[in-house]
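Survey of secondary and tertiary structure
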Amino acid sequence: MLQVNFIKNNLERVQASLQKRNFKNTDILEETIKLDELKRSTQTSMNEKQEAINKASKEIGGLFKQGKKEEAEGLRANVATLKEELNNLKVSFEEVSGKLTGLLYEIPNAAHASVPEGSTDEDNEVFQAWDANMPDLATSKLPHWELAKKYDLIDFELGAKITGAGFPVYKGKGAKLQRALINFFLDEADKSGYAEFLPPHMVNEASAIGTGQLPDKDGQMYHDAQDDLYLIPTAEVPITNIYRDVILKEEDFSIKMCGYTPCFRREAGSYGAHVRGLNRLHQFDKVEIVRIEHPERSYAALDEMLDHVRGLLAKLELPYRILRLCGGDLSFASALTFDFEVFSAAQERWLEVSSVSNFETFQSNRLKLRYNDANKKKHLAHTLNGSALALPRIVAALLENNQTGDGINIPKVLWKYTGFEKI
RNA sequence: GGUGGAGUGGGUGAGUGGCUGAAACCACCGGUUUGCUAAAUCGACGUACGGUAACCUCCGUACCGCGGGUUCGAAUCCCGCCUCCACCGCCA
């Protein structure tokens, strides 16, 4: 959520952003600013009314002490009318303020100047192409879901029996590969200075609002109505919320955190060949990196995060490319996002395995995550996060790209984690 | 899940209807003193929003776990909720 002041002070950028995002309601910024003015003037009237009441109340107290009952009674009658007027003001204040919040919830983050124009994922800019060799596979190459069956690594039907579609069961070397990747990713994050957390896998409503899953993406999360808790769609939610309602000092930056969690997504409305196998799941594993940064340093931090993910993919020896998301594909809360895609050689498709974003103050405004500068003035911090990495599509690419006639080769970097070099 | 107790500023903690945005102490910050460190001493010391476009100042409003209520007036009384502690129940 953007602050009204931010919108006022960066009107051109926010307007340009709405255009890039193909946002239809072009009057929304003007409406927002008008409503904000109305809200403030109403608040001023309320304050004045309350002031009059407070003064009268003090007088009444004094009069009672002096035994001047009649005068006191007179004032009491006055207060009664003042209170009625105040209550009317309160009602309109609540109404205006509710409308304003509603509008602010609808306004997506201001896109970074470098975000390209475009409406769909086809308009994303290839920020870093893959110019080395692609895996050279025999014509008998198999997609990962067939490899998973052939080598008894992942059982989709069994998961469907136990839970439902999109909840695979990993078995034997398939399960060990999961565990190996999680440990590899966590160790690499640790080496890059990210402090490890193992957060709760369910969050309350305040946390889901804090990182922007609510109210915008209600229906994408699994919700336990009995206790009003949400299964996390990503570790970003619990980990970023560690810093909800926190005021930092400038020397606290940079804050670098990471964590492994399973992620739960309802993915309502996704069907078809493109979601086969591991391509899209309701539950999957992911290691996430999260950063909280000084606004002046957040884009440098974003670069560092890109480097970290590049390193992971290089070590896994997977062909990858980096996309800069266009306005139409950019998520609601993000100012700038880079997607990493690996090439899955049997499907002959690029698969998204990481999304690295700078949210600037969009999340911190909701989180009330601020820092004190040298003059003890408070500013919103910047938040960033990225997958490092999401497992299923990495597994898909590893299986497909490394298949040979008599097995699947495990990249060298994982050997000490898997305990085997080949499946 | 049941019963009992508790939640006040950065911390400890006083405060049972008006003189309390809140005593006192500690911490932090600034000054004085002192060979340095330490001690002593004086002072300042919450947050948010609005008036207000910017820093300060000033004025106002709100805030004593959260949300309602009673009252001219609530940290204080009433109701609901949350969290923590203790005991009981259940349990990996």
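Residues numbered from 1 in each chain as written. Chains lettered and ligands numbered in written order. Predicted model: local features only at pLDDT ≥ 70, side-chain atom pairs only at ≥ 80, totals over all residues. Heavy atoms only, no water.

What follows concerns the overall build of chain A. When helices and strands are counted, chain A shows 13 helices and 18 strands. Viewed in the frame of its principal axes, chain A has a C-alpha envelope of about 100 × 45 × 45 Å. Put simply, chain A has 423 residues, and 49% of those count as buried. Contacts in chain A between residues at least 24 apart in sequence constitute 73% of all its contacts with a sequence separation of at least 6. (Helix = DSSP H or I, 4+ residues; strand = E, 2+ residues; numbered from the N terminus. Buried < 20%, exposed > 50% of the residue type's maximum accessible area, 1.4 Å probe, protein only. Contact = heavy atoms within 4.5 Å.)

Looking now at the pattern of salt bridges. Taken as a whole and judged by the stated rule, the model has 21 salt bridges. The salt bridge involving Lys99 is made with Glu95; its shortest N-O contact spans 3.9 Å. A residue pair is termed a helical-turn pair when its members lie 3 or 4 positions apart in one helix, as Lys99 and Glu95 do in helix H4 (residues 69-106) at four residues. Residue Lys315 pairs with Glu188 through a salt bridge whose shortest N-O separation is 2.7 Å. Note that Lys315 is positioned in helix H10 (residues 298-315) and Glu188 in helix H7 (residues 172-191), a separation of 127 residues in sequence. Lys315 gets classed as partly exposed once you look at its relative accessible area, which sits at 36%. (Salt bridge = Lys/Arg side-chain N within 4 Å of Asp/Glu carboxyl O.)

With that settled, consider the sheet that holds strand S5 (residues 202-203). Overall, antiparallel pairing links the three strands, which are arranged S5-S7-S6 in an open sheet. Looking at which strands have only one partner, the edges of the open sheet turn out to be S5 and strand S6 (223-224). (Pairing = 2+ DSSP bridges.)

Surveying the vicinity of RNA strand B reveals 16 residues, the closest of which are Gln43, Thr44, Ser57, Arg76 and Lys83. Each atom of RNA strand B within 4 Å of the protein was assigned to sugar, phosphate or base; sugar and phosphate come to 78%. A distance of 3.0 Å separates a base nitrogen of RNA strand B from a polar side-chain atom of Asn47. A distance of 2.7 Å is found between a base nitrogen of RNA strand B and a backbone nitrogen or oxygen belonging to Ser57. Contributing elements (two or more residues each) for the surface near RNA strand B: helix H3 (28-65) and H4. Element by element, the count of residues in the surface near RNA strand B is highest for H3, at 10 residues. For the surface near RNA strand B, the class distribution of residues is two nonpolar, seven polar and seven charged. (Near = heavy atom within 4 Å. Polar contact = N/O pair within 3.5 Å; in protein donor to acceptor, adjacent residues only side chain to side chain. Nonpolar A, V, L, I, M, F, W, Y, C, P; charged D, E, K, R; others polar.)

Tallied over the entire structure, the rule returns zero disulfides. Here Cys263 is not disulfide-linked; the sulfur of Cys258 is the nearest cysteine sulfur, at 14 Å. Judged by relative accessible area, which is 0%, Cys263 ranks as buried. (Disulfide = S-S within 2.5 Å.)

This paragraph deals with the side chain of Arg324. In this fold, Arg324 is placed in strand S11 (residues 320-324). Within polar-contact distance, the side chain of Arg324 engages the side chain of Ser114 at 2.8 Å. In contact with Arg324, not counting residues within four places along its chain, are Ser114, Val115, Pro116, Asn124, Glu125, Phe127, Leu336, Thr337 and Phe338.

It is worth spelling out unusual backbone geometry at this point. Geometrically, the link from Phe253 to Ser254 is a cis peptide bond, its omega value of -10 degrees lying close to zero. Inspection of the secondary structure puts Ser254 in the loop between strand S8 (247-249) and strand S9 (255-264). A positive phi angle is found at Glu360, which is not glycine, with a value near 50 degrees. Here Glu360 shows up in strand S13 (residues 349-360). For Glu360, a relative accessible area of 7% translates into the label buried.

What holds strands together in a sheet is hydrogen bonding between their backbones, with the strands either parallel or antiparallel. Here eight strands make up an open sheet; going across it, the order is S1-S11-S12-S13-S16-S10-S9-S4 and the pairing mixed. The sheet terminates laterally at strand S1 (125-128) and strand S4 (195-197), the two strands that pair on one side only. Averaged over all neighbouring strand pairs, the angle between strand axes comes to 30 degrees, with direction disregarded. Judged from the three bridges that link them, S4 and S9 form a sheet pairing that is parallel. By the bridge assignment, Ala195 is partnered in S9 with Met257. (Axes fitted to C-alpha atoms, helices over the stretch in contact; angles between N-to-C directions.)

The next thing to look at is the side chain of Asn241. Mapped onto the secondary structure, Asn241 falls in the loop between helix H9 (236-240) and S8. By relative accessible area, which is 9% here, Asn241 ends up buried.

What follows concerns the domain arrangement of chain A. Domain boundaries assigned for chain A yield domain 1 (24-106) and domain 2 (121-418). The centre of domain 1, based on its C-alpha atoms, is set 48 Å off from the matching centre of domain 2. (Domains from an automatic or database assignment.)

Residues Asp121, Glu122, Asp123, Asp329 and Glu352 make up a contiguous surface patch of negative charge. Tracing the backbone shows Asp123 in the loop between H4 and S1. (Patch = residues over 30% accessible without salt bridge, like charges linked within 9 Å, V, L, I, M, F, W, Y side chains within 5 Å. Areas by Shrake-Rupley, 256 points an atom, 1.4 Å probe, with all protein chains shown as cover. Lys, Arg positive; Asp, Glu negative; His and termini not counted. Charge placed at Lys NZ, Arg CZ, Asp CG, Glu CD.)

This part takes up the nonpolar core. Grouped together as the largest cluster of nonpolar side chains are 58 residues, with contacts concentrated most on Leu181, Phe185, Leu313, Phe340, Val342 and Ile394. The next biggest cluster of nonpolar side chains, apart from the first, holds 21 residues, and it includes Met1, Phe23, Ile28 and Ala110. (Core = buried A, V, L, I, M, F, W, Y, C linked by side-chain atoms within 4.5 Å.)

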